[in-house]
Amino acid sequence: MAKRNAGRRGRTRKRRSSGAQATEGSAETPASAAAAPAIAEKPAARPARRQRGARRPEGPPARAHRDPGGVGERPEAPWHPWPFSELLILVGAIATIIGFTTHSTSALFAGIGSVVIGTLEFTIREHLSGYRSHGSLIAGVPTALVHGAIAFGLYQAGAPRVTWVLVPVVIDVPLYWVLFKYLKARFDDARRERVFALGRR
């Protein structure tokens, strides 16, 4: 009897020990399962470095600054590098403002005349050299002067007010057209010579 009891106790101990080991193994399984993905995940491969001699794709080449309408270099004034024309325009603008504010007719006309002379100096120089066309502006200045002279003459002669407007306009249109055509032809000839000279360089 004693041997049977001892054998049963040994079997029960073995079963308990095996059950405890099974529970420990099941308890360890979640931890190992959680750790498995961390181990399985490997750091992503770094992108391959570019070769040192490889060139990066370049964009469109930067365009050099080009003056719109101009061909070649701007013609220089005879008094270069002194900016007499620019100073004349600046002084004329200041005199014009003073004439408006102080109601001084002499300062007003002197300022307007200075601005017109300074502007015509570099526009005529650029036009006749073929650098840039200013035919409409250059033709408009003498047309405006003729218009004003005719209107003032009719006023001094005591002509009706309608004639002050109609008669100058009738003369302005053909005068402006003739001047513009002449200036355009001069500019075309100068531009061809300029382009030909640049092409030979």
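Report on the accompanying structure. Bear in mind that the values here come from a model prediction, so they are computed numbers and not experimental data.

Section: the overall build of the protein
Thought 1: Per the secondary structure count, the protein includes 5 helices and 0 strands.
Thought 2: Contacts spanning at least 24 positions in sequence make up 65% of the contacts within the protein whose residues lie at least 6 apart.
Thought 3: Carbon together with sulfur atoms contributes 64% to the accessible area of the protein, which is approximately 16400 Å² in total.

Remarks on the layout of surface pockets
Thought 1: Considering only enclosed or pocket space, the largest pocket measures out at about 220 Å³ in volume.
Thought 2: Lining the largest pocket are 15 residues, with Arg-74, Pro-75, Ala-77, Glu-86 and Arg-125 sitting closest to its centre.
Thought 3: Broken down by secondary-structure element, the contributors of at least two residues to the lining of the largest pocket are helix H2 (84-102) and helix H3 (105-128).
Thought 4: With 4 residues, H3 is the largest single contributor of residues to the lining of the largest pocket.
Thought 5: When its residues are assigned to classes, the lining of the largest pocket shows 7 nonpolar, 2 polar and 6 charged.

Focus on the packing of H3 against helix H4 (residues 135-156)
When two helices pack together, their arrangement is given by the angle between the helix axes and the distance between those axes.
Thought 1: In contact at an axis separation of 10 Å, H3 and H4 are set at 135 degrees when each is read in the N-to-C sense. Between H3 and H4, the crossing angle belongs to the class labelled oblique. Remark: the crossing between H3 and H4 carries left-handed chirality. Where H3 abuts H4, its residues Val-116, Thr-119, Leu-120, Thr-123, Ile-124 and His-127 lie against Gly-135, Leu-137, Ile-138 and Val-141.
Thought 2: A breakdown of the residues in the contact of H3 with H4 according to their chemical character gives 6 nonpolar, 4 polar and no charged.

Section: helix H5 (residues 161-199)
Thought 1: An ideal rise of 1.5 Å per residue puts 57 Å on 39 residues; H5 measures up with 57 Å between its terminal C-alpha atoms.
Thought 2: Packing partners of the buried residues in H5 comprise H3 and H4.

Brief notes about a nonpolar patch on the surface
Thought 1: Together, Trp-82, Phe-84, Leu-87, Leu-90, Ile-94 and Ile-98 line one region of the surface with nonpolar side chains, adding up to about 630 Å² of accessible area.
Thought 2: Classification of Leu-87 by relative accessible area gives partly exposed; the value is 44%.

Brief notes about the pattern of salt bridges
Thought 1: Evaluation of the coordinates by the stated rule reveals 4 salt bridges.
Thought 2: Between Glu-126 and Arg-74 there is a salt bridge; the shortest N-O distance is 2.2 Å. Taken together, the residues span a long stretch of sequence, with Glu-126 in helix H3 and Arg-74 in the loop between helix H1 (2-40) and H2 at a distance of 52 residues.
Thought 3: With a closest N to O distance of 2.8 Å, Arg-125 and Glu-121 form a salt bridge. With Arg-125 and Glu-121 both in helix H3, this residue pair falls 4 residues apart, about one helical turn.

What to know about unusual backbone geometry
Thought 1: Following His-80, the chain continues to Pro-81 via a peptide bond in cis, the omega torsion being 10 degrees.
Thought 2: Residue position: Pro-81 is located in the loop between H1 and H2.

Here's the deal with the side chain of Ser-114
Thought 1: Structurally, Ser-114 is set in helix H3.
Thought 2: Judged by relative accessible area, Ser-114 falls into the buried class, the value being 18%.
Thought 3: At 2.8 Å, the side chain of Ser-114 forms a polar contact with the backbone oxygen of Ala-110.
Thought 4: Ignoring sequence-local partners within four residues, the contact set of Ser-114 consists of Leu-88 and Gly-92.

What counts as what
- Residues numbered from 1 in each chain as written.
- Predicted model: local features only at pLDDT ≥ 70, side-chain atom pairs only at ≥ 80, totals over all residues.
- Heavy atoms only, no water.
- Helix = DSSP H or I, 4+ residues; strand = E, 2+ residues; numbered from the N terminus.
- Contact = heavy atoms within 4.5 Å.
- Areas by Shrake-Rupley, 256 points an atom, 1.4 Å probe, with all protein chains shown as cover.
- 1 Å grid on protein atoms, 1.4 Å probe; cavity = no way out; pocket = protein on both sides within 12 Å on 5 of 7 lines; lining within 4 Å.
- Points joined across faces, edges and corners; volume = space filled by probe spheres on them.
- Nonpolar A, V, L, I, M, F, W, Y, C, P; charged D, E, K, R; others polar.
- Axes fitted to C-alpha atoms, helices over the stretch in contact; angles between N-to-C directions.
- Parallel < 35°, antiparallel > 145°, perpendicular 65-115°, else oblique.
- Left-handed = near helix turned anticlockwise from the far one by under 90°.
- Expected span 1.5 Å × (residues − 1).
- Patch = residues over 30% accessible without salt bridge, like charges linked within 9 Å, V, L, I, M, F, W, Y side chains within 5 Å.
- Salt bridge = Lys/Arg side-chain N within 4 Å of Asp/Glu carboxyl O.
- Buried < 20%, exposed > 50% of the residue type's maximum accessible area, 1.4 Å probe, protein only.
- Polar contact = N/O pair within 3.5 Å; in protein donor to acceptor, adjacent residues only side chain to side chain.

Bear in mind that shape data such as this cannot, by itself, settle questions of function.
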